[in-house]
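Fold and contact review
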Amino acid sequence: MDHAVDRLGEQKSLAFQLDLDADADTIGALAGGAGPDESLPPEFAKVVSGLRVDVSVKSRKPLADSGQKDLVGTSMKITGTGGVLAEYRIIGDFTYYRADMKAFGEAMGVPMPSADELPPSAKEMKKVLEGDWVKIDTKELEGSRKAVGGASKGAGDLDAKTQKKVLDAVRDVVGREVTFRTRDGAGGAEHVVATGNVRRLLTGVFDKLRPLRGDLPAGADFPSAKELKDAPNKKIAVDFTLKNGDLRQIRVDLAVLADNPKKAKLPLVLKFSKAGDVSAPSGATEIPAGKVPGGSPLGGGLLGGVGF
């Protein structure tokens, strides 16, 4: 397993795909609460069942040794049953973004304004509402976020010594609390199944990380002892698929964490592969960073991950 994970960092091109391998009825049944007011709306369960997140990154160096300046391109795409819901790419000096705001509104049950309904002061966002590509100077966008207090030390700012301490802490807990077994799969694949108690794992990891808190990114939030006691006191199994020494897939059944587990399964699947095309889209309209609303996906969380 260590070798397979290390091989991911040796790649210069990597993509992963994340989705739930379950239909809307299963998701609705497992996510619903005890009362009718807590049940998951069928429309939303259908949206969740069709969601897929694709992330791609390309670098001039092995990813484990890459800094921001080494990255050729990074992209994240959220796809639903009807097509792409949102996508962003960071290429060169610009961050590119597009979204199907009408589809998002329908999924969340909140109507989105049309481009014609925007006030004159927000005319720059018209292209976003129309689903076209827009671009923003990445450095200007970062500066804009810092100006409103949105900047924080990121994971990439950890020095090598601290990263090793964090990794050693996690490995120590995993080695003590997790059991491993192997089995053969189809087509020459090998499965490594790791099983551990969720509460004991979380408690052990955070107990190990607390002494390092001062070296971690500013604003890193640690759960309290009470919150950790509320974590599921249940065993969960994570299935790692390897082939020719490469990590191809991680699969975990989230249904075992439900308050009232049913016989249905709710597999969360993470697949690894080589990154495809990560290039700048043509025809993108440039938006000044200062004109991006702070609460929008572009201004709020785009550079730190999913902005929705």
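Here is what the cut-offs are and how they apply
Residues numbered from 1 in each chain as written. Predicted model: local features only at pLDDT ≥ 70, side-chain atom pairs only at ≥ 80, totals over all residues. Heavy atoms only, no water. Pairing = 2+ DSSP bridges. Helix = DSSP H or I, 4+ residues; strand = E, 2+ residues; numbered from the N terminus. Salt bridge = Lys/Arg side-chain N within 4 Å of Asp/Glu carboxyl O. Buried < 20%, exposed > 50% of the residue type's maximum accessible area, 1.4 Å probe, protein only. Contact = heavy atoms within 4.5 Å. pLDDT = per-residue confidence, 0-100. Axes fitted to C-alpha atoms, helices over the stretch in contact; angles between N-to-C directions. Parallel < 35°, antiparallel > 145°, perpendicular 65-115°, else oblique. Left-handed = near helix turned anticlockwise from the far one by under 90°. Nonpolar A, V, L, I, M, F, W, Y, C, P; charged D, E, K, R; others polar. Polar contact = N/O pair within 3.5 Å; in protein donor to acceptor, adjacent residues only side chain to side chain. Patch = residues over 30% accessible without salt bridge, like charges linked within 9 Å, V, L, I, M, F, W, Y side chains within 5 Å. Areas by Shrake-Rupley, 256 points an atom, 1.4 Å probe, with all protein chains shown as cover.

**Comments concerning the sheet that holds strand β7 (residues 179–184)**
- The mixed open sheet is built from 12 strands, whose spatial order is β7-β8-β9-β10-β11-β1-β2-β3-β4-β5-β6-β12. A strand with exactly one partner marks an edge of an open sheet, and here the two such strands are β7 and β12 (285–286).
- As paired strands, strand β8 (residues 190–197) and strand β9 (residues 235–243) are joined by eight bridges and run antiparallel to one another. Pairing of G196 across the sheet is with I236, part of β9.

**What about the pattern of salt bridges?**
- By the definition in use, this model includes 16 salt bridges.
- The residue D168 makes a salt bridge to K164 at a minimum N-O spacing of 2.8 Å. Pair noted here: D168 and K164 are both in helix α7 (residues 160–177), with a separation of four residues, about one helical turn.
- The exposure class assigned to K164 is exposed, which follows from its relative accessible area of 52%.
- Across the pair D230 and K226 runs a salt bridge, and its minimum N-O distance is 3.5 Å.
- Overlapping salt bridges, with partners in common, bring together D172, R176, E177, R200 and K208 in one network.

**Structural notes on helix α2 (residues 24–31)**
- When we look at burial in α2, the residues that qualify are T26, I27, G28 and L30.
- Each element contacted by the buried residues of α2 is listed here: β1 (13–20) and α3 (42–49).

**Things to note about the environment of E227**
- Note on placement: E227 falls in helix α9 (residues 225–229).
- For E227, a relative accessible area of 49% corresponds to the partly exposed category.

**A few points about the environment of L51**
- With respect to the helices and strands, the residue L51 is situated in the loop between α3 and β2 (52–59).
- Relative accessible area serves as the criterion here: at 28%, L51 is assigned to the partly exposed category.
- Residues L51 and I78, 27 residues apart in the sequence, show an inter-C-alpha distance of 6.9 Å.

**Let's talk about the confidence of the model for the protein chain**
- In the predicted model, the protein chain carries a mean pLDDT of 82, and the fraction of residues at 70 or more is 85%.
- With pLDDT under 50 throughout, residues 151–156 is counted as low confidence; its partners more than four residues away or in other chains account for eight contacts.
- Here residues 299–308 scores under 50 on pLDDT; set against residues more than four positions off or in separate chains, the count is 30 contacts.

**Comments concerning the environment of D259**
- As for its placement among the helices and strands, D259 is situated in the loop between β10 (246–253) and β11 (267–273).
- Between the alpha carbons of D259 and L30 there is a distance of 8.8 Å; along the sequence they are 229 residues apart.

**What to know about the packing of α7 against helix α8 (residues 198–209)**
- Two elements in contact, α7 and α8, have axes separated by 9 Å at closest approach and are oriented at 150°. It follows from the interaxial angle that α7 and α8 lie roughly antiparallel. The two elements α7 and α8 meet at a crossing, and its hand is right-handed. Where α7 abuts α8, its residues V166, A169, V170, D172, V173, R176 and E177 lie against R200, L201, G204, V205, K208 and L209.
- Of the residues in the contact of α7 with α8, the class split is seven nonpolar, one polar and five charged.

**So, the side chain of T138**
- With respect to the helices and strands, T138 occurs in helix α6 (residues 138–147).
- A distance of 2.9 Å separates the side chain of T138 from the side chain of T95, its partner in a polar contact.

**Here we look at a nonpolar patch on the surface**
- Taken together, the side chains of M1, V5 and F180 define a hydrophobic patch exposed on the protein surface, amounting to about 260 Å² of accessible area.
- What makes V5 partly exposed here is its relative accessible area of 43%.

**A few points about the pairing of β2**
- In terms of strand pairing, β1 meets β2 through seven bridges, oriented antiparallel. Across the sheet, the residue bridging to Q17 is D54, located in β2.
- Direction of pairing for β2 relative to strand β3 (residues 71–80): antiparallel, over a ladder of eight bridges. Its bridge partner lying in β3, K58 is registered against G73.

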